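Analysis of the macromolecular model
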Amino acid sequence: MTTVRIVEVGARDGLQNEKTILPVATKVALVERLADAGLSSIEATSFVSPKWVPQLADAAEVYAAIRQRPGVRYPVLVPNLQGYERARAVGVREIAVFTAASEAFNQRNINASIDESIERFRPVMERARADGVAVRGYVSTVLGCPYQGEVPLADVVRVAGILHRSGCYEVSLGDTIGIGTPGRARRMLLAVADEVPMAALAVHFHDTRGQALANIYACLDAGVGVVDAAVAGLGGCPYAKGASGNVATEDVVYMLEGMGVRTGVDLDALVATGRWISAELGRDTQSRVGRAAA
Ligand code: HMG
Ligand code: MG
């Protein structure tokens, strides 16, 4: 393994879960600073219902104001056709659809069963295909659910397979509540890789129990090449009780570069961005590398 692609989710997964609602200009500056630091896939915002996630009600304004760098992708979350249309109205070229391996979590997060959510995506996928819009897919609660508890591996494999077959170029496997440990994370990934090619898989770890870097290491060792992370360890899902931040991008970059894996990211610029956005949110960075650089 010589390169790993990082999908930066701080501006979406991070800001969707914050009490403080940042001004549009700050959100735009965050995305632009992340691109300046060398990140090539930056989830910019989310076109979900503003009633459900008021923090990102300004998605259209934010997206439209970003000065996009050539070669950088700016995916956004889309839950339904209404979100797709709002996103397309401001020129979005990549979206992410999201569902879960747990029925109980899906009901709370998107008010739908797993199968209903897949039906809901069908017209979105059709429109995206016709418009040449790339679609990424998320499966949440792949290692456990805050409401249902254990999530059978077969359910994770089934949902990931459906997303891939329905046209997602990549499926990101989310440990939404950061409950996994490396052996289970690796087994889960390898089971999904029997159904979806490893090259089309990504891992998405929240760090609730301090296991995220270890889980990522185990999954890299098992062959995954795409890792989701959030600057300053921002993140969490308002509809997943007990979920805390994503693994910090700074920490992932530090580990990868130390392993001789190229990320294309300027760590100093990223650390500065993490410290800046944390100050904007009125708290300390959750990145260990970011703190050590103080
Ligand atoms: P619903 O209430 O069942 O939907 O919500 P509805 O169709 O009945 O609509 C209700 C109202 O919302 C209506 O407005 C719609 O127009 C409006 P009203 O008529 O009452 O005035 N609405 C919208 N407005 C703007 N954009 C839209 C939209 N859709 C409906 N797209 C729905 C269903 C899916 C919309 C809702 O449950 C929702 O938005 N949920 C999103 C929750 C969320 O964003 N969670 C966090 C993201 S997932 C995550 O973080 C996990 C991840 O990081 C991976 C991991 O960690 O595992 C990806
Ligand atoms: Mg997440």
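My aim in this report is to walk through the structure given alongside it, one point at a time. (Residues numbered from 1 in each chain as written. Chains lettered and ligands numbered in written order. Predicted model: local features only at pLDDT ≥ 70, side-chain atom pairs only at ≥ 80, totals over all residues. Heavy atoms only, no water.)

Those residues of helix H9 (residues 212-221) lying buried are Ala212, Asn215, Ile216, Ala218, Cys219 and Leu220. Note on H9: the residue one or two positions beyond its end, Gly223, has a positive phi of about 115°. (Buried < 20%, exposed > 50% of the residue type's maximum accessible area, 1.4 Å probe, protein only. Helix = DSSP H or I, 4+ residues; strand = E, 2+ residues; numbered from the N terminus.)

For the magnesium ion (ligand 2), the full set of protein donor atoms is Asp13 (OD), His204 (NE2) and His206 (NE2), and the range of their distances to it is 2.0 to 2.3 Å. As a motif over one chain, the donors of the magnesium ion (ligand 2) read D-x190-H-x1-H. Taken together, the residues span a long stretch of sequence, with Asp13 in helix H1 (residues 10-14) and His206 in the loop between strand E8 (201-205) and H9 at a distance of 193 residues. Across the pair, exposure class does not vary: Asp13 and His206 are buried alike. (Donors = N, O, S within 2.8 Å, 3.2 Å for Na, K, Ca; no water.)

Taken together, 28 residues lie around ligand 1, and Gln16, Lys51, Asn111, Ser140 and Thr176 are the ones closest in. At 3.2 Å from an oxygen atom of ligand 1 is found a side-chain nitrogen or oxygen belonging to Trp52. Within the side chain of Arg86, an N or O atom sits 2.8 Å from a nitrogen atom of ligand 1. In this structure, ligand 1 is accommodated by the largest pocket. Within the residue set of the shell around ligand 1, elements represented by two or more residues are H1, helix H4 (81-89), helix H5 (103-110) and strand E6 (134-140). When residues in the shell around ligand 1 are grouped by element, the largest group, 3 residues, is from H4. Partitioning the shell around ligand 1 into residue classes produces 11 nonpolar, 12 polar and 5 charged. (Near = heavy atom within 4 Å. Polar contact = N/O pair within 3.5 Å; in protein donor to acceptor, adjacent residues only side chain to side chain. 1 Å grid on protein atoms, 1.4 Å probe; cavity = no way out; pocket = protein on both sides within 12 Å on 5 of 7 lines; lining within 4 Å. Sits in = over half its atoms within 2 Å of the grid points. Nonpolar A, V, L, I, M, F, W, Y, C, P; charged D, E, K, R; others polar.)

Let's shift gears to the nonpolar core. One finds Ile95 and Leu173 to be the most contacted residues of the largest nonpolar core, which totals 104 residues. Setting aside residues no more than four positions away along its own chain, Ile95 makes contact with Val76, Val78, Tyr84, Val124, Val133, Ala134, Val135 and Arg136. (Core = buried A, V, L, I, M, F, W, Y, C linked by side-chain atoms within 4.5 Å. Contact = heavy atoms within 4.5 Å.)

Turning next to unusual backbone geometry. One non-glycine residue, Asn111, lies in positive phi territory at about 55°. With respect to the helices and strands, Asn111 occurs in the loop between H5 and helix H6 (114-131). Residue classification places Asn111 among the partly exposed residues on the basis of a relative accessible area of 49%. The phi torsion at Thr141 lies on the positive side, around 55°, for a residue other than glycine. Among the secondary structure elements, Thr141 is positioned in the loop between E6 and helix H7 (153-165).

A separate point is empty space enclosed by the protein. Enumeration over the complete set of coordinates arrives at 1 cavity of 30 Å³ or more. Roughly 60 Å³ of volume is contained in the largest cavity. Around the largest cavity, the lining residues are Ile118, Phe121, Arg122, Met125, Ile162, Leu163 and Ser166. Those elements giving two or more residues to the lining of the largest cavity turn out to be H6 and H7. (Points joined across faces, edges and corners; volume = space filled by probe spheres on them.)

With that settled, the discussion passes to the sheet that holds strand E1 (residues 5-8). Spatial ordering of the open sheet is given by E2-E1-E9-E8-E7-E6-E5-E4-E3, a layout of 9 strands whose pairing is parallel. The strands lining the two open edges of the sheet, one partner per strand, are strand E2 (41-42) and strand E3 (45-46). Pairing of strand E7 (residues 170-175) with E8 involves 5 bridges; the strand directions are parallel. In the sheet register, Ser172 faces E8, and the bridge partner there is Ala202. Its contacts with the sheet put H9 on E7, E8 and strand E9 (226-229), and the angle it makes with E8 is roughly 165°. (Pairing = 2+ DSSP bridges. Axes fitted to C-alpha atoms, helices over the stretch in contact; angles between N-to-C directions.)

Judged by which residues are buried, E9 turns out to be covered on both faces: Val226 and Asp228 on one side and Val227 and Ala229 on the other are all buried. Sheet topology note: the E1/E9 ladder contains 4 bridges and is parallel. Residue pairing across strands places Arg5 opposite Val226, the latter belonging to E9. As paired elements, E8 and E9 share 2 bridges and run parallel to each other.

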